[in-house]
Amino acid sequence: MDTSISEGEKSPRDASLSANGQGDVEAGEDQLHRGLQSYHLQFLAIGGTIGTGLFLGSGEALATAGPVGCLIAFIFVGTIVFSVMTSLGEMASFIPVAGSFTVYASRFVDRSLGFAMGWIYWFSWSVTFALELVAAGVIIQYWDASLNIGIFIAIFWVVFTALNFLPIRWFGTFEMWFSSIKVVTIVGFIIFAICIDAGVGQHGYLGFHAWVEPGPFAESITTGDSGRFIGFWSVLVTAGFSYQGAELVGIGAGETHDPAKNVPKAIRWTFWGLVSLFVATIFFIGLLVPYDTPDLLIGTTNASASPLVIAANLAGVPVLPHIINAVLLTAVLSAANSNVYSGSRILVGLATERNAPAFLTRTNKHGTPYYAVGVTSAIGLLAFLNLSENGGDVFGWLLNITAIAGFITWSCISICHLRFMKALEARGISRKDLPYAAPLQPYLAWFGLFFCVLILLTNGFTVFIEWSTSDFFTAYVSLILFVVLLVGHKLIFWARPVSLADVDLDRDRVKQ
């Protein structure tokens, strides 16, 4: 492990990131320190991505869409993630700042867009922190259902709030080892699944039996092809929530040593690593667990709804479910750790662009934005809502709210990239000269934008088939909140869209 870059150290390239003699908030002048390496970024993104969506939410997704429908949904959303990450990689390697895409929205498109996007994204990650704390308590109840979830919510809240006050290099190293457990677990599960599918388990050779009986696709709300399509489309939100966090590579760009080199490298490894792990996991879960298994729908008292645990139980391996459950706990806690980090850095980016109070940029001697960490962590206390009688309903509400916020962010990243490319063209800068040039542009950015917006608008379409006021607000509350923030900011500040001539491509830019 390379520990030669201590917190606050600047390379010559880093030292040139400021323009016009202004203090560089992101590069470490009494502020954030560039102490992250490429591998730190990769594991930070993995830590924030692999969590409740894959380990818990995938069970309900399998029950809703069936094994093939669920697999296709995760592959399809993976292509959207590819378009978003390559777009983000091109911008973040050229202008590596804390807050990343929220800053780009303010500088390239419209300050109101940066305001609305940043606050909805911060809301997403701070609420996800609460969600992971709830999930941690649910997982522990697998061993003893009599335990009160509130005890563990309080303990883990204190622990992860404290961890986020550590120097960034220490934090990055801790998160790397924490996230490694997830990767090893998924690889181990894949090996286990291959063995069980080949006949090692108590049911003998399974092959693709679950794809035949009960079938490859599940029907939802109605029967026939329409029911199967509804099931597939409904799962796209769960898949989006599962992948949300891959963009954390861009969030960490402002604290990365030599971002022009390390950010593109981290983008490539993170995308292919995540998609491979996600698709392989969903594929083998679909082979081992029939979609009509009753335990797939999550309960309110334990983690028996995890398809990994269900697969081990069905295989007749008595010890493995406990081992998997322990790993699920570390996975969820690692994601919680990343949630506080990402939320706090978004607040720094918002404050830098005057879209949040300036005091949020203040840091301690280790470069930790302690006010931003404290504000983000405080939202995690919403986890105590799970102590109510309808704790499972709280889990479902938070899952849907945060998932849609992720699609809003991805849409805005694509918009920022399209505008970024236009600004480069207007300035006569060739994309070939960038530290990283995203492939298949601008078509790939338009592809990601189109389907993110389509999923945003149709994610709650089932409520129009069988009306439910509660489900309607669950599906669209984030979108409504985003519009209110966007329109409200514009009405109050009368912010005009940024013209191409005024797009700032110099501040914080990597000088080559």
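These figures come from a predicted structure and were not determined experimentally.

Cut-off values and rules
Residues numbered from 1 in each chain as written. Predicted model: local features only at pLDDT ≥ 70, side-chain atom pairs only at ≥ 80, totals over all residues. Heavy atoms only, no water. Helix = DSSP H or I, 4+ residues; strand = E, 2+ residues; numbered from the N terminus. Buried < 20%, exposed > 50% of the residue type's maximum accessible area, 1.4 Å probe, protein only. Contact = heavy atoms within 4.5 Å. Areas by Shrake-Rupley, 256 points an atom, 1.4 Å probe, with all protein chains shown as cover. Salt bridge = Lys/Arg side-chain N within 4 Å of Asp/Glu carboxyl O. Axes fitted to C-alpha atoms, helices over the stretch in contact; angles between N-to-C directions. Parallel < 35°, antiparallel > 145°, perpendicular 65-115°, else oblique. Left-handed = near helix turned anticlockwise from the far one by under 90°. Core = buried A, V, L, I, M, F, W, Y, C linked by side-chain atoms within 4.5 Å. Arc of directions from axis to C-beta. pLDDT = per-residue confidence, 0-100. Phe/Tyr/Trp six-rings, centres within 6.5 Å; stacked < 30°, edge-to-face > 60°.

**Here we look at the overall build of the protein**
Next up, step 1: When you go through the protein residue by residue, the secondary structure sums to 18 helices and zero strands.
Next up, step 2: Of all 512 residues assigned to the protein, the portion counted as buried reaches 61%.
Next up, step 3: Partitioning the contacts of the protein with sequence separation of at least 6, the portion at a separation of at least 24 is 82%.
Next up, step 4: As presented, the protein carries roughly 18800 Å² of accessible surface, and 65% of it is formed by carbon and sulfur atoms.

**Description of the pattern of salt bridges**
For side chains of opposite charge, pairing can occur when their charged atoms come near one another.
Next up, step 1: Throughout the structure, instances matching the rule amount to eight salt bridges.
Next up, step 2: Residue arginine 431 pairs with glutamate 90 through a salt bridge whose shortest N-O separation is 2.6 Å. Here glutamate 90 lies in helix H3 (residues 52-94) and arginine 431 lies in the loop between helix H15 (391-427) and helix H16 (443-458), a separation of 341 residues in the sequence.
Next up, step 3: Note on arginine 431: relative accessible area 23%, which makes it partly exposed.
Next up, step 4: Judged by relative accessible area, which is 0%, glutamate 90 ranks as buried.
Next up, step 5: A salt bridge links arginine 228 to glutamate 219; its shortest N-O distance comes to 3.2 Å.
Next up, step 6: One network of salt bridges, with partners in common, ties together Arg107, Glu353, Asp504 and Arg507.

**Remarks on the packing of helix H4 (residues 101-109) against helix H5 (residues 111-140)**
Next up, step 1: The interhelical angle for the contact between H4 and H5, taken along N-to-C directions, is 165°, at an axis separation of 7 Å. Of the possible angle classes, the one that applies to H4 and H5 is roughly antiparallel. Remark: the crossing between H4 and H5 carries right-handed chirality. On H5, the residues touching Phe101, Thr102, Ala105, Ser106 and Val109 of H4 are Arg111, Leu113, Gly114, Phe115, Met117, Gly118 and Tyr121.

**A few points about the nonpolar core**
Next up, step 1: With 148 residues, the main nonpolar core has Tyr104 and Leu505 as its most contacted residues.
Next up, step 2: Top element by residues in this core is H3. It accounts for 20 residues.
Next up, step 3: Among all residues touching tyrosine 104, those that are not within four sequence positions of it are Leu88, Met91, Ala92, Ile95, Pro96, Val97, Val109 and Cys416.

**Observations regarding the side chain of threonine 238**
Next up, step 1: Along the chain, the position of threonine 238 falls in helix H9 (residues 224-243).
Next up, step 2: Classification of threonine 238 by relative accessible area gives buried; the value is 14%.
Next up, step 3: Residues contacting threonine 238, with those up to four places away along its chain left out, are Gly57 and Ala61.

**Remarks on helix H14 (residues 370-379)**
Next up, step 1: Turning to H14, its buried residues are Ala372, Val373, Thr376 and Ser377. Summarising the axial view, the buried residues of H14 lie within an arc of 125°, below the 170-degree limit, and thus occupy one face.
Next up, step 2: Contact partners of the buried residues in H14: H5, helix H6 (149-163) and helix H13 (320-352).

**Side note on the environment of phenylalanine 165**
Next up, step 1: Structurally, the position occupied by phenylalanine 165 is in the loop between H6 and helix H7 (168-200).
Next up, step 2: Residues phenylalanine 165 and asparagine 364, 199 residues apart in the sequence, show an inter-C-alpha distance of 8.8 Å.
Next up, step 3: Here phenylalanine 165 is in contact with Asn364, Thr368, Tyr370, Val373 and Gly374, once residues within four sequence places are set aside.

**Some details on the confidence of the model for the protein**
Next up, step 1: For the protein, per-residue confidence averages 81 on the pLDDT scale, and 86% of positions sit at 70 or higher.
Next up, step 2: Here helix H1 (residues 12-15) is the element of the protein with the lowest mean pLDDT, 36, and H16 is the one with the highest, 94.
Next up, step 3: Here residues 1-30 is a poorly scored stretch, pLDDT under 50, and it has 68 contacts once near neighbours within four places are set aside; other chains count.

**Topic: the packing of aromatic side chains**
Next up, step 1: On inspection of all chains with the given rule, the structure shows 33 aromatic pairs.
Next up, step 2: Each ring, one from phenylalanine 156 and one from phenylalanine 160, has its centre 6.4 Å from the other, and the planes form 40°; the classification is tilted. With a gap of four residues between them, phenylalanine 156 and phenylalanine 160 both fall in helix H6, about one helical turn apart.
Next up, step 3: Phenylalanine 160 gets classed as buried once you look at its relative accessible area, which sits at 3%.
Next up, step 4: Residues phenylalanine 359 and tyrosine 371 carry aromatic rings whose centres are separated by 5.2 Å and whose planes lie at 90° to one another, so their mutual orientation is edge-to-face. Of the two residues, phenylalanine 359 sits in the loop between H13 and H14 while tyrosine 371 sits in helix H14, which places them 12 residues apart along the sequence.
Next up, step 5: Since its relative accessible area comes to 34%, phenylalanine 359 is described here as partly exposed.
Next up, step 6: Taken together, the ring pairs in this structure connect Phe464, Trp467, Phe472, Phe473 and Tyr476 into an aromatic cluster.

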